[in-house]
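Architecture at a glance
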Amino acid sequence: MKVGFVGLGHMGAPMSRNVFAAGHDLIVHDLRREAAAGLEVAGAGWAATPREAAAGREAVITMLPAPAHVERVLLGPDGLLSGLAPGSVWIDMSTSAPAVADRVRAVAGDVAVLDAPVSGMAAGAGAGTLQIFVGGEEAVFHRVRPLLEAMGDPERILHVGGHGAGYTVKLMINLLWFAHLVATAEVLTIGTQAGVDLATLRRCLLASPAASNFLERDVLSVLEAGDYDDSFALALACKDLGLAVDLAGAVGVPVELSAVVEQVYRRARAQYGETGGEMLPIKLYEDLTRTPLRLPPVSASVSAS
């Protein structure tokens, strides 16, 4: 398939490499040409503008930081839409908002549009094992599924509904994950400050109805290594939370809890900077109590047991 790819950042770079490795005819564009250096050496083409990345392509993928970037790349004299031919497909894999797809579809003419945000972080992007949530016409989804399988786990590439449904599902996943993080930080801080051993408290929580995948796996990067995961920046986390809360307002759902989670994240961004890791809200509680939440080394905990 003749494919254009726009956005060679933390996620887009490995995703585009997997598209090329799967044998697709690839041309790429980014604000920084150096981001495409490896792909160019391997034989992929370079486009100086989004329009050039779309010209003659059967499908064009965008992987961009925020809705404003998506609209900027799509619209205008050098935008993707001015280069896409009728019958081609625009696949936006950014974490964005349904309203963006609505505005673009209104001027897309005969270009098919899919929203297909991903989950799996940079490791999944590199390994080609991303989970992909696709919104749009099912027939178009099946047409480009082989292309999606170059980037994602075939068992976890899901058609989730009409236009905008992919964006919505991804925003809800992120919203719940961030809520898990803030709730877990508060619970572990309260319990340990009240005198309960951290490992014991976590073990009891995991044996209870309050158990979660976050508590079992994700939080271990902090508890075992003090790693707050700077592969996903606080600026992006705040962007996603803002989009989720805005979506709630658009559909008329009051979200007091989600709004508080968003504010905790914004506080962490103010405290630690936009490029800080997405798990730094936990450090807010550690700094408040002057007590890092750390499990003992595995060898020590095994000996103690």
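Structure: above.
What you see is a predicted model; the values in this text were computed from it and never measured.

Quick look at helix H6 (residues 98-105) now. Inspection of H6 places Pro98, Val100, Ala101 and Val104 among the buried residues, and these make up the whole buried set. When H6 is viewed along its axis, its buried side chains cluster within an angular range of 160 degrees and face the same direction. Where H6 is buried, its residues meet helix H4 (67-74), helix H5 (80-83), strand S5 (89-92), helix H9 (165-193) and helix H13 (234-250).

Attention now goes to the pairing of strand S8 (residues 130-135). Burial analysis of S8 places six of its six residues in the buried class, which makes it a mostly covered element. Burial of the side chains of S8 extends over both faces: Leu130, Ile132 and Val134 are buried on one face and Gln131, Phe133 and Gly135 on the other. Here strand S7 (residues 118-119) runs beside S8; their pairing, made up of two bridges, is antiparallel. Residue pairing across strands places Ser119 opposite Gln131, the latter belonging to S8. With five bridges connecting them, S8 and strand S9 (residues 152-161) associate as parallel partners. What sits directly across from Gly135, in S9, is Gly161.

The next subject is the environment of Ala108. Summarising the element assignment, Ala108 is placed in the loop between H6 and strand S6 (112-115). Taking the C-alpha atoms as reference, Ala108 lies 22 Å from Asp30; in sequence the two are 78 residues apart. Those residues in contact with Ala108 that sit more than four places away from it in its chain are Leu81 and Val113.

This next bit is on the packing of H13 against helix H14 (residues 256-272). Direction vectors running N to C along H13 and H14 enclose 155 degrees, while the axes themselves pass 9 Å from each other. As summarised for this structure, H13 and H14 are arranged roughly antiparallel, according to the angle between their axes. For the crossing formed where H13 meets H14, the hand is left-handed. Taken together, the residues of H14 that come into contact with H13 (itself represented by Leu234, Ala235, Ala237, Cys238, Leu241, Gly242 and Val245) are Ser258, Ala259, Val261, Glu262, Tyr265, Arg266, Ala268, Arg269 and Tyr272. The residue inventory of the contact of H13 with H14, partitioned by class, reads eleven nonpolar, two polar and three charged.

Turning to the packing of aromatic side chains, a few remarks are in order. On inspection of all chains with the given rule, the structure shows three aromatic pairs. Between Phe178 and Tyr265, the aromatic rings sit 4.8 Å apart at their centres with planes inclined by 55 degrees, giving tilted as the arrangement. Residue Phe178 is located in helix H9, and its partner Tyr265 is located in helix H14; the two are separated by 87 residues in the primary sequence. Three or more aromatic residues joined by ring pairs make a cluster, and in this case those are Trp177, Phe178, Phe214 and Tyr265.

Reading the values: the criteria
- Residues numbered from 1 in each chain as written.
- Predicted model: local features only at pLDDT ≥ 70, side-chain atom pairs only at ≥ 80, totals over all residues.
- Heavy atoms only, no water.
- Buried < 20%, exposed > 50% of the residue type's maximum accessible area, 1.4 Å probe, protein only.
- Helix = DSSP H or I, 4+ residues; strand = E, 2+ residues; numbered from the N terminus.
- Arc of directions from axis to C-beta.
- Contact = heavy atoms within 4.5 Å.
- Pairing = 2+ DSSP bridges.
- Axes fitted to C-alpha atoms, helices over the stretch in contact; angles between N-to-C directions.
- Parallel < 35°, antiparallel > 145°, perpendicular 65-115°, else oblique.
- Left-handed = near helix turned anticlockwise from the far one by under 90°.
- Nonpolar A, V, L, I, M, F, W, Y, C, P; charged D, E, K, R; others polar.
- Phe/Tyr/Trp six-rings, centres within 6.5 Å; stacked < 30°, edge-to-face > 60°.

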